[in-house]
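Chain residues, written in single-letter form:
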Amino acid sequence: MAKGTLAVLTGGGDCPGLNAVIRGVVKSALKNGYDIYGIQNGFNGLINDQMKLMTYEDISGILPRGGTVLGTTNRDNPFKFAVEEDGKFVYYDKRDTVVENLKKHGIEALIVIGGDGSLNIAAELSLECGVNVIGVPKTIDNDLPCTERTFGFDTAMEVATEAVDRLHTTAESHHRVMALEVMGRYAGWIALHSGIAGGADVILLPEIPYNIDAVIAKIRERISHGKLFSIIVVAEGAKPIGGELSVARMVEGSFEPIRLGGVGAKIVDEIEAKTGIESRCTVLGYLQRGGSPTPFDRVLSTRYGVAAVEACINKNYNVMVSLHHDEILTVPIGKAAEKVRLVPSDSSIIRAARQIGISFGDEE
Ligand code: F6P
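Here is what the cut-offs are and how they apply
Residues numbered from 1 in each chain as written. Predicted model: local features only at pLDDT ≥ 70, side-chain atom pairs only at ≥ 80, totals over all residues. Heavy atoms only, no water. Helix = DSSP H or I, 4+ residues; strand = E, 2+ residues; numbered from the N terminus. Rg over C-alpha atoms; globule rule 2.2 N^0.38 Å. Buried < 20%, exposed > 50% of the residue type's maximum accessible area, 1.4 Å probe, protein only. Contact = heavy atoms within 4.5 Å. Areas by Shrake-Rupley, 256 points an atom, 1.4 Å probe, with all protein chains shown as cover. Lys, Arg positive; Asp, Glu negative; His and termini not counted. Charge placed at Lys NZ, Arg CZ, Asp CG, Glu CD. Pairing = 2+ DSSP bridges. Axes fitted to C-alpha atoms, helices over the stretch in contact; angles between N-to-C directions. Near = heavy atom within 4 Å. Polar contact = N/O pair within 3.5 Å; in protein donor to acceptor, adjacent residues only side chain to side chain. Domains from an automatic or database assignment. 1 Å grid on protein atoms, 1.4 Å probe; cavity = no way out; pocket = protein on both sides within 12 Å on 5 of 7 lines; lining within 4 Å. Points joined across faces, edges and corners; volume = space filled by probe spheres on them. Nonpolar A, V, L, I, M, F, W, Y, C, P; charged D, E, K, R; others polar. Salt bridge = Lys/Arg side-chain N within 4 Å of Asp/Glu carboxyl O.

### Some details on the overall build of the chain
Then, in step 1: Secondary structure assignment for the chain yields 12 helices and 15 strands.
Then, in step 2: Here the chain has a C-alpha radius of gyration of 22 Å; the compact-globule value for 364 residues is 21 Å, and the two agree.
Then, in step 3: Overall size of the chain, expressed as C-alpha extent along the three principal axes, is 75 × 50 × 35 Å.
Then, in step 4: Looking at the chain as a whole, 53% of its 364 residues qualify as buried.
Then, in step 5: Sequence separation of 24 or more characterises 73% of the internal contacts of the chain that already satisfy a separation of 6 or more.
Then, in step 6: Looking at the chain as shown, the accessible area adds up to about 15600 Å², and 50% of this sits on carbon and sulfur atoms.
Then, in step 7: Side chains of the chain carry 37 positive and 46 negative charges; the gap between the two charge centres is 3 Å.

### Side note on the sheet that holds strand 13 (residues 279-283)
Then, in step 1: Reading across from one edge, 9-10-8-13 is the order of the 4 strands in this open sheet, with parallel pairing throughout. Each edge of the open sheet carries a strand with a single partner, namely strand 9 (202-204) and strand 13. Averaged over neighbouring strand pairs, the angle between their axes works out to 20° when direction is ignored.
Then, in step 2: For strand 8 (residues 177-182) and strand 10 (residues 230-235), the ladder comprises 6 bridges, and the chain directions are parallel. Within the sheet, the bridge partner assigned to M178 lies in strand 10 and is I231.

### A short note on the site of the ligand
Then, in step 1: All residues in the neighbourhood of the ligand are listed as N74, T139, I140, D141, M183, G184, R185, E236, Y286 and R289.
Then, in step 2: Between the ligand and the protein, one listed contact pairs an oxygen atom with a side-chain N or O atom of N74 at 2.9 Å.
Then, in step 3: In the environment of the ligand, an oxygen atom lies 2.4 Å from a nitrogen or oxygen atom belonging to the side chain of Y286.
Then, in step 4: Contact with the protein chains hides 83% of the accessible area of the ligand, taken as 400 Å² for the molecule alone.
Then, in step 5: Both domains that furnish three or more residues to the shell around the ligand are identified here as domain 1 (4-151 + 293-336) and domain 2 (156-290).

### Quick word on the layout of surface pockets
Then, in step 1: Considering only enclosed or pocket space, the largest pocket measures out at about 760 Å³ in volume.
Then, in step 2: Lining the largest pocket are 34 residues, and of these N74, R185, E256, Y286 and R289 sit closest to its centre.
Then, in step 3: Among the elements of the structure, helix 5 (116-129), strand 8 and strand 12 (258-260) are those that each provide at least two residues to the lining of the largest pocket.
Then, in step 4: The residue makeup of the lining of the largest pocket, split by class, is 11 nonpolar, 11 polar and 12 charged.

### Remarks on the pattern of salt bridges
Then, in step 1: Tallied over the full model, the rule gives 17 salt bridges.
Then, in step 2: Two residues, R185 and E256, come together in a salt bridge whose shortest N-O distance is 3.8 Å. Taken as a pair, R185 in the loop between strand 8 and helix 7 (189-198) and E256 in the loop between strand 11 (247-250) and strand 12 lie far apart in primary sequence, 71 residues in all.
Then, in step 3: Overall, the relative accessible area of 27% leaves R185 in the partly exposed class.
Then, in step 4: In the salt-bridge network here, residues are joined through shared partners; they are D93, R95 and E128.

So yeah, pure geometry; function would need other evidence.
As structure tokens, then:
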């Protein structure tokens with residue numbers, strides 16, 4: 001007879017380390033005598049009752065694997081469940097179905113591995129429906145408050161840094177300006193870290209609006225020193241001073257209706273038009289989310305998974321596990337996703353970057 005029954009789901013965009021968290025959750029739940037359900041495809045599986053009891057067999061070999069063995073979606077909010085009817089989206093409230101499904105399987109706590117969208121839903125489920133939830137902070141963007149690190153960020157940073165390294169050799173050979181557009185949504189953490197790690201000349205962040213003439217001034221300064229190529233790392237959420245975000249398209253029914261993209265291409269077009277220097281853009285896109293997690297992310301994900309189960313065992317519900325000074329703590333889930341954690345524009349890392357001559361496109 002199990003000591004209790006738990007469930008786990010992965011919500012929102014996929015992220016390296018999801019499988020490592022699932023493995024940590026399942027292993028520690030089973031070791032402590034709990035049954036653990038794996039819910040398929042995020043909140044969709046909770047609404048449609050698609051879940052199965054997990055065994056050691058289900059998690060065998062998944063630690064280094066990217067993606068999520070449970071599947072995920074960044075649609076399907078139980079409070080606003082979008083259904084396409086006659087070419088239009090109609091929204092239904094499915095909270096009662098969720099509560100019934102959890103009750104039917106005797107699930108006493110739900111572990112939600114997700115970013116701000118999924119964690120906000122988890123907070124709402126606890127507040128509005130009395131569901132016991134535990135959040136695990138996932139996102140390559142590293143933009144959740146109340147934790148020093150989300151899992152997945154380290155891997156995205158490594159992929160982006162390798163891309164900057166590779167762009168260097170081709171940029172140098174052709175005397176070109178190369179821009180690399182990276183993800184991160186409204187936060188510039190991936191751009192900032194990979195830009196510094198890769199030795200970029202210009203880093204453009206959502207937090208520091210840029211002036212294209214300052215970017216060009218940096219490129220010209222390099223040319224005057226005999227450096228005939230330049231590397232720009234630009235966050236997808238970067239925008240010019242007084243200008244707009246580059247929006248690729250709007251997506252109805254998604255947790256995040258604005259799909260960003262295009263700022264890198266816009267910048268290289270402007271540079272080429274104003275200077276005549278051959279310029280190119282590479283959009284790194286989903287390569288930052290796919291594939292095997294780094295050792296750092298594997299360890300952090302494992303610790304988060306184990307801590308989530310520990311919180312369930314201690315009945316420390318309605319919290320998110322979080323990293324503080326290398327310890328895993330818990331914070332109230334309502335606080336965990338209430339706003340986005342941005343790069344402070346006066347942070348010591350930005351000051352260090354400026355000291356080594358990196359331009360943020362805002363210099364006079
Ligand atoms: O939040 C993670 C992230 O990869 C962002 O960096 C990016 O803007 C977004 O998700 C893309 O989401 P989607 O999977 O909906 O295209």
